[in-house]
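# Reading the structure
Listed below are the residues making up each chain.
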Amino acid sequence: MAKKKFDPRKLMKLNDPERLKDIPPEYIWRCLDLTSSPEIVIDVGAGTGLFTVKFCQLAPQATFFACDIAPEMISWMKEKVSPLYPQISPLLMEECSIPLPEQVGDLVYMINLHHELEQPIDLLKECRRLLRPRGRLFIVDWKPVKTEHGPPLPLRVPPEEVKQQLREAGFSFLSQHDDMKSHYLIIAR
């Protein structure tokens, strides 16, 4: 079986600006169709914070928690991201446990993380615990088709499976967007 977790020694790969073309933050923000700007946003599996920074630029008044299981990623963000964006707080998490209080977040998201999860339903339940009533979760992950980049096909999770896991974790499915070339976007409440 192929290795599921991203190798933190390759963290600079996460800062490739091409990722922002493959997964445009502005497109995701439009798909969310938020009626008000979020106050607290939680990025689960933030890596180096590339997407955290971009979403922070779209919601500059919000507080962001950039969570990751790799101490190397947290250290990198504390050194390179937080000094420029003080509203972003890097936070070390465990696989299915994020050290934040219940119902704190308006928006929780995961980008290119779902295919790495050993216990996806447990982490989705943790995300649900973190969300305020009517808060939203969005997941961006690799389409289960051959692409130029990305994880091996056997690791990719089809969107129908993600939606079933969301239901099992207590979420209501809102929408699915397949306009990105290599990725799908699922939004739930």
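In case you missed it, the structure is sitting above this.
On a predicted model such as this, the values are computed, not experimentally measured, just so you know. (Residues numbered from 1 in each chain as written. Predicted model: local features only at pLDDT ≥ 70, side-chain atom pairs only at ≥ 80, totals over all residues. Heavy atoms only, no water.)

## Digging into the nonpolar core
Rules: The nonpolar core is taken to be a set of buried Ala, Val, Leu, Ile, Met, Phe, Trp, Tyr and Cys residues, with the residues joined through side-chain atoms within 4.5 Å. Residue burial is assigned from relative accessible area. The probe radius is 1.4 Å, only protein chains are included, and a residue is buried under 20% of its type maximum, exposed over 50%, and partly exposed in between. Helix and strand assignments follow DSSP, with helices taken as H or I runs no shorter than four residues and strands as E runs no shorter than two, numbered in order from the N terminus. Contacts were defined at the residue level, with two residues in contact if any of their heavy atoms lie within 4.5 Å.
Core analysis: the largest hydrophobic core is formed by 31 residues, its most contacted members being Ile28, Phe55, Phe64, Ile111, Phe138, Val140 and Leu185. When contributions to this core are tallied by element, the ones reaching two or more residues are helix H2 (25–32), helix H3 (50–58), strand S2 (63–68), helix H4 (71–80), strand S4 (105–111), strand S5 (131–142) and strand S7 (183–188). Leave out the neighbours within four places in its chain, and phenylalanine 64 touches Val41, Thr52, Phe55, Cys56, Ala59, Gln87, Ile88 and Ser89. Judged by nonpolar contacts, the second largest core, of 29 residues, contains Val104, Met110, Leu123 and Leu124.

## A closer look at H2
Burial runs high along H2: six of the eight residues are buried. Turning to H2, its buried residues number three or more, namely Pro25, Tyr27, Ile28, Trp29, Cys31 and Leu32. The secondary structure elements touched by the buried residues of H2 are helix H1 (18–22), H3, S4, S5, strand S6 (173–177) and S7. One or two steps after H2, the chain reaches aspartate 33, where phi turns positive at roughly 50°.

## So, the state of the cysteines
Heads up, the condition is: Criterion for a disulfide: a pair of cysteine sulfur atoms at a distance within 2.5 Å.
Evaluated as defined, the whole model comprises zero disulfides. There is no disulfide at cysteine 67, and the cysteine sulfur nearest it, in cysteine 127, is 9.0 Å away.

## Digging into unusual backbone geometry
Of note in the backbone geometry, aspartate 33 takes a positive phi value of approximately 50° without being a glycine. Assignment of secondary structure puts aspartate 33 in the loop between H2 and strand S1 (40–44). Looking at aspartate 33, the relative accessible area reads 56%, which means it is exposed. Notably, arginine 134 is not glycine yet its phi reads approximately 70°, a positive angle.

## Some words on the side chain of arginine 136
Heads up, the rule is: For the purpose of counting charges, residues Lys and Arg are taken to be positive, whereas Asp and Glu are taken to be negative. His and the chain ends are not included. Just to be clear on terms, a salt bridge is a Lys or Arg side-chain nitrogen sitting within 4 Å of an Asp or Glu carboxyl oxygen.
Within the fold, arginine 136 resides in strand S5. No salt bridge is formed by the buried arginine 136, whose closest oppositely charged neighbour, aspartate 33, lies at an N-O distance of 6.1 Å.

## Comments concerning the sheet that holds strand S3 (residues 88–92)
Going by this rule: Two strands pair under a simple rule: DSSP has to find at least two bridges between them. Axis definition: a line fitted to C-alpha atoms, limited for helices to the stretch in contact. Angles are taken between N-to-C directions and run from 0 to 180 degrees.
Taken in spatial order, the seven strands of this open sheet run S3-S2-S1-S4-S5-S7-S6, and their pairing is mixed. Each end of this open sheet is capped by a strand with a single partner; those strands are S3 and S6. Across the sheet, the mean angle separating the axes of adjacent strands is 15° when strand polarity is ignored. Bridge count for S5 against S7 is six bridges, and the pairing is antiparallel. In the strand pairing of S7, valine 140 is matched with leucine 185. The sheet strands contacting H2 are S4, S5, S6 and S7, and the helix crosses S7 at an angle near 30°. Against the sheet, helix H5 (residues 120–130) contacts S1, S4 and S5, and its axis sits at roughly 145° relative to S5.

## A look at the pairing of S4
Rules: Place the viewer so that the strands point away; then a crossover is right-handed whenever the path from the first strand over the helix to the second strand goes clockwise.
Among the seven residues that make up S4, six are buried, leaving the element largely enclosed by the rest of the structure. Of the pairings in the sheet, the one linking S1 to S4 comprises four bridges and is parallel in character. Residue pairing across strands places valine 44 opposite methionine 110, the latter belonging to S4. As paired strands, S4 and S5 are joined by six bridges and run parallel to one another. Bridging across to S5, isoleucine 111 finds its partner in valine 140. In this fold, S4 hands off to H5, which returns the chain to S5; that crossover is right-handed.

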